[in-house]
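For reference, the chains in residue letters:
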Amino acid sequence: MNFRIGHGYDVHALGEGLRLVLGGVDIPHTKGCIAHSDGDVLIHALCDALLGAAALGDIGKHFPDSSAEFKGIDSTLLLKRVVFLLAQLGYKVGNVDVTVAMQRPKLRPYIDAMRTIIAQCIGVDVESVSVKATTTEHLGFEGEEKGVSATAVALIYKE
C-alpha cells in the first residue's frame, strides 16, 4: 500500500452575533467565525490536511475566498469535494485527527456529532475520526476569545 500523511492548520477571527459552526455542527454561542464560507475552521484544517497528503495544494487554491461560488458555503460540501479529488487519484482516507483551540464555549458536548458528520463526509467509520478540543488557558488570541484555531492530520492511502 502507498501511505501518505498531511497536516492542516486554520484560524478564524471571532465576531459578535455570527454563527459558530465547527465540524459541521451549529454550536450555540455569542460569537462566530468571520469568514467567506461558513467559517468552519475545523473542516478547513481537515481539508488542508487531506489536500496536503496528496500534494494538491491548499483549500484556498481549490475554493478561493474571492469566488462568489463559495460565499457562505457549508464547509462539509468542501470536504466532500476534497474527498472526491482524492478518489480521482485513487486515494482513500485512512484516519484523521483534529484539534480545535478555543476558550469558550466548552465543545465536549458536540464532539460526537462532529465525529459522525466528518466520518460521513469522508467515507470512514467514526472510529477513524478523532476530534479533540482544548483551551489555551486564557493565553493568546484563542484564550482572549478573539479567534479559534484548528490543526489536523490525515492519513490517505492507495491499495
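Refer to the structure above for everything that follows.
Below or above, wherever it landed, is the structure these notes cover. (Residues numbered from 1 in each chain as written. Predicted model: local features only at pLDDT ≥ 70, side-chain atom pairs only at ≥ 80, totals over all residues. Heavy atoms only, no water.)

What follows concerns the packing of helix H3 (residues 75–88) against helix H4 (residues 108–122). Pairs of packed helices are described in terms of their axes, by the angle between the two and the distance that separates them. Interhelical geometry of H3 versus H4 gives an angle of 35 degrees and a closest axis separation of 8 Å. Here Thr76, Leu79, Lys80 and Val83 of H3 lie close against H4, whose contacting residues are Ile117, Cys121 and Ile122. Residue composition of the contact of H3 with H4, by class: five nonpolar, one polar and one charged. (Axes fitted to C-alpha atoms, helices over the stretch in contact; angles between N-to-C directions. Helix = DSSP H or I, 4+ residues; strand = E, 2+ residues; numbered from the N terminus. Contact = heavy atoms within 4.5 Å. Nonpolar A, V, L, I, M, F, W, Y, C, P; charged D, E, K, R; others polar.)

Relative to the 20 Å expected for 14 residues at 1.5 Å per residue, H3 spans 20 Å between its end C-alpha atoms, a close match to the ideal helical length. Taken as a whole, H3 has its buried residues at Ser75, Thr76, Leu78, Leu79, Val82, Val83 and Leu86. Axial view of H3: buried residues confined to an arc of 155 degrees, hence all on one face. In this structure, H3 carries Phe84 and Gln88 as exposed residues pointing more than 90 degrees from its buried face. Where the residues of H3 are buried, they touch helix H1 (41–53), helix H2 (59–62), strand E5 (92–101), H4 and strand E7 (147–158). (Expected span 1.5 Å × (residues − 1). Buried < 20%, exposed > 50% of the residue type's maximum accessible area, 1.4 Å probe, protein only. Arc of directions from axis to C-beta.)

We now examine the nonpolar core. Within the largest apolar cluster, 48 residues are counted, with the highest numbers of intra-cluster contacts made by Leu22, Leu50, Leu86, Val96, Ile118 and Ile122. Those elements that place two or more of their residues in this core are H1, H3, E5, H4, strand E6 (129–134) and E7. With 10 residues, the single largest contributor to this core is H1. Excluding residues that lie within four positions of it along the chain, Leu22 makes contacts with Ile27, Asp40, Val41, Leu42, Val100, Met102, Leu107 and Met114. (Core = buried A, V, L, I, M, F, W, Y, C linked by side-chain atoms within 4.5 Å.)

This next bit is on the environment of Glu159. Tracing the chain through its elements places Glu159 in the segment after E7. Given a relative accessible area of 68%, Glu159 falls into the exposed group. Once residues lying within four places of it in the same chain are set aside, the contact partners of Glu159 are Met1 and Lys92. Reaching out from Glu159, the side chain makes a polar contact with the side chain of Lys92 at a distance of 3.0 Å. (Polar contact = N/O pair within 3.5 Å; in protein donor to acceptor, adjacent residues only side chain to side chain.)

Here the focus is the packing of aromatic side chains. Applying the stated criterion to the full structure yields one aromatic pair. Ring plane angle 45 degrees and centroid distance 6.3 Å describe the contact between Phe3 and Tyr157, whose orientation is recorded as tilted. Of the two residues, Phe3 sits in strand E1 (residues 2–16) while Tyr157 sits in strand E7, which places them 154 residues apart along the sequence. Given a relative accessible area of 52%, Phe3 falls into the exposed group. With relative accessibility at 17%, the residue Tyr157 sits in the buried group. The side chain of Lys158 reaches across the aromatic face of Tyr91, ending 4.7 Å from its centre. (Phe/Tyr/Trp six-rings, centres within 6.5 Å; stacked < 30°, edge-to-face > 60°. Lys NZ or Arg CZ within 6 Å of the ring centre and 35° of its normal.)

Residues Tyr9, Val11 and Phe141 make up a contiguous nonpolar surface patch of roughly 250 Å² in combined accessible area. Along the chain, Val11 turns up in strand E1. Classification of Val11 as partly exposed rests on a relative accessible area of 33%. (Patch = residues over 30% accessible without salt bridge, like charges linked within 9 Å, V, L, I, M, F, W, Y side chains within 5 Å. Areas by Shrake-Rupley, 256 points an atom, 1.4 Å probe, with all protein chains shown as cover. Salt bridge = Lys/Arg side-chain N within 4 Å of Asp/Glu carboxyl O.)

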